[in-house]
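What follows is the residue order along each chain.
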Amino acid sequence: MSLLNGKKGKDLGFSDFVSSAVRGLFMPYFSLPIILLGVGVGYATDLVLKPLLVTGFTQAGSIGAAVGPIATASGISIVTGIFIAVYGQIYGTLATSAKTGTPTIGEAFALIGQRGLSVFAAGLLVTLATVGIFIVGLVVVIGGAVAANAGGVTTGLFILFLVVFIYLSMRLGQAGWFAADGMGAIDSIKASWSRTQGHLMKILLWSIGGAFVFTAVGLLIGLLTSSLPSGIASSIGTGVGLVFTYASGSVLYRRITAK
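My aim in this report is to walk through the structure given alongside it, one point at a time. Worth saying up front: this structure is predicted, and the values here are computed from it rather than measured.

Parameters and conventions
Residues numbered from 1 in each chain as written. Predicted model: local features only at pLDDT ≥ 70, side-chain atom pairs only at ≥ 80, totals over all residues. Heavy atoms only, no water. Helix = DSSP H or I, 4+ residues; strand = E, 2+ residues; numbered from the N terminus. Buried < 20%, exposed > 50% of the residue type's maximum accessible area, 1.4 Å probe, protein only. Contact = heavy atoms within 4.5 Å. Salt bridge = Lys/Arg side-chain N within 4 Å of Asp/Glu carboxyl O. Patch = residues over 30% accessible without salt bridge, like charges linked within 9 Å, V, L, I, M, F, W, Y side chains within 5 Å. Areas by Shrake-Rupley, 256 points an atom, 1.4 Å probe, with all protein chains shown as cover. Axes fitted to C-alpha atoms, helices over the stretch in contact; angles between N-to-C directions. Parallel < 35°, antiparallel > 145°, perpendicular 65-115°, else oblique. Left-handed = near helix turned anticlockwise from the far one by under 90°. Nonpolar A, V, L, I, M, F, W, Y, C, P; charged D, E, K, R; others polar. Core = buried A, V, L, I, M, F, W, Y, C linked by side-chain atoms within 4.5 Å. Lys, Arg positive; Asp, Glu negative; His and termini not counted. Polar contact = N/O pair within 3.5 Å; in protein donor to acceptor, adjacent residues only side chain to side chain.

Quick word on the overall build of the chain
Moving on, step 1. Looking only at helices and strands, the chain features nine helices and zero strands.
Moving on, step 2. Counting from the amino terminus, the chain carries its helices and strands in the arrangement α-α-α-α-α-α-α-α-α.
Moving on, step 3. Relative to its full complement of 259 residues, the chain shows a buried share of 39%.
Moving on, step 4. When contacts within the chain are restricted to residue pairs at least 6 apart in sequence, those whose partners lie at least 24 apart make up 74%.

Considerations on the pattern of salt bridges
Pairing between side chains of opposite charge can happen when their charged atoms approach one another.
Moving on, step 1. Applying the stated rule across the entire model yields two salt bridges.
Moving on, step 2. Close ionic contact of D16 with K7 constitutes a salt bridge, the shortest N to O distance being 3.1 Å.
Moving on, step 3. For R254, the salt bridge goes to D181, with nearest N and O atoms at 3.2 Å. With R254 in helix α9 (residues 230-256) and D181 in the loop between α6 (175-180) and α7 (185-195), this pair connects stretches of sequence that are 73 residues apart.
Moving on, step 4. The exposure class assigned to D181 is partly exposed, which follows from its relative accessible area of 31%.

Quick notes on the environment of L4
Moving on, step 1. Looking at the element boundaries, L4 is found in the segment before α1 (14-25).
Moving on, step 2. Overall, the relative accessible area of 3% leaves L4 in the buried class.
Moving on, step 3. Along the primary structure L4 and S248 are separated by 244 residues, whereas in three dimensions their C-alpha atoms are 9.8 Å apart.
Moving on, step 4. Residues contacting L4, with those up to four places away along its chain left out, are L12, R23, A95, T96 and V251.

Some details on a nonpolar patch on the surface
Moving on, step 1. Taken together, the side chains of F158, I159, L162, V163, I166, M201, L204, L205, I208 and F212 present a nonpolar region at the surface, about 940 Å² in accessible area.
Moving on, step 2. Residue assignment for the nonpolar patch shows that the elements contributing at least two residues are α5 (151-172) and α8 (200-224).
Moving on, step 3. Topologically, F158 is positioned in helix α5.

A word on the packing of α1 against α8
If you want to describe how two helices pack, look at the angle between their axes and the distance between the axes.
Moving on, step 1. The contact between α1 and α8 brings their axes to 10 Å, and the two run at 40 degrees. Taken as axis vectors, α1 and α8 run oblique relative to one another. Handedness of the α1/α8 crossing: right-handed. Residue-level contacts link F14, F17, V18 and A21 of α1 to W206, G209, G210, V213 and F214 of α8.
Moving on, step 2. A class-by-class count of the residues in the contact of α1 with α8 yields seven nonpolar, two polar and no charged.

Side note on the nonpolar core
Moving on, step 1. With 46 residues, the main nonpolar core has F30, I34, I90 and Y91 as its most contacted residues.
Moving on, step 2. The dominant element in this core, judged by the number of residues it contributes, is α9, at nine residues.
Moving on, step 3. Those residues in contact with F30 that lie beyond four places of it in its chain are L3, G24, Y87, G88, Y91, V243, Y246 and A247.

Quick look at the side chain of R171
Moving on, step 1. The residue R171 is located in helix α5 in this model.
Moving on, step 2. Buried and unpaired, R171 has no salt bridge, with D187 as the nearest side chain of opposite charge at 15 Å.
Moving on, step 3. For R171, the side chain forms a polar contact with the side chain of T196, separated by 3.0 Å.
Moving on, step 4. Non-local contacts of R171, meaning those with residues more than four positions away in its chain, are made with S192, W193, S194, T196, Q197 and L200.

Set out below in structure tokens:
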């Protein structure tokens, strides 16, 4: 139980949530693939897009000629982001399971072959559900409020739908972890909805507290990497942030599902 530091799920607290993020950073099989992929994609994207952003479309010759590089960079970023999410969640579940020792990259890839599609599908369905409900509801109701010239109502409805979005995100946000732990996509969504009952305040407070701590650490890392090229430095910061996200997220998952 590498990320849990020998603790059982029911004994985990906020300090474990935070410390596991730092511990994950020093687990090379966990952190290096995420950070290196992030750096590679970030640097490649920077090489493709920076000239276009600096000089407009003069180098490309036309908007049509710029579409190819932009689409390529976006496609690589999306695919890599999906892989990082799948790898982070599957490795996190391995590193917080009852198995002793540090999981290897080979063990993680073996499970990716078995569960990767379910993790991706669960994440996609949750994203479509939460963002879709928020956008559709917001457009319909606020559109009606604007048509009626009710500005105060519009603000209130925006807050209401923001609360609904946060609520759904917390209730469904553990689906990817259940999928990484062996469930199918639909079953993982159902499990997330049922098992987060009674833990919403913990999820909210741990997430907010962790955001402050991880942001402070991220600023420190930014200072340490400030001498590197901007594309590489920012990519390292993003990669470290992702390691923190999946390491701490796996601990929260084990705490929620502890018996």
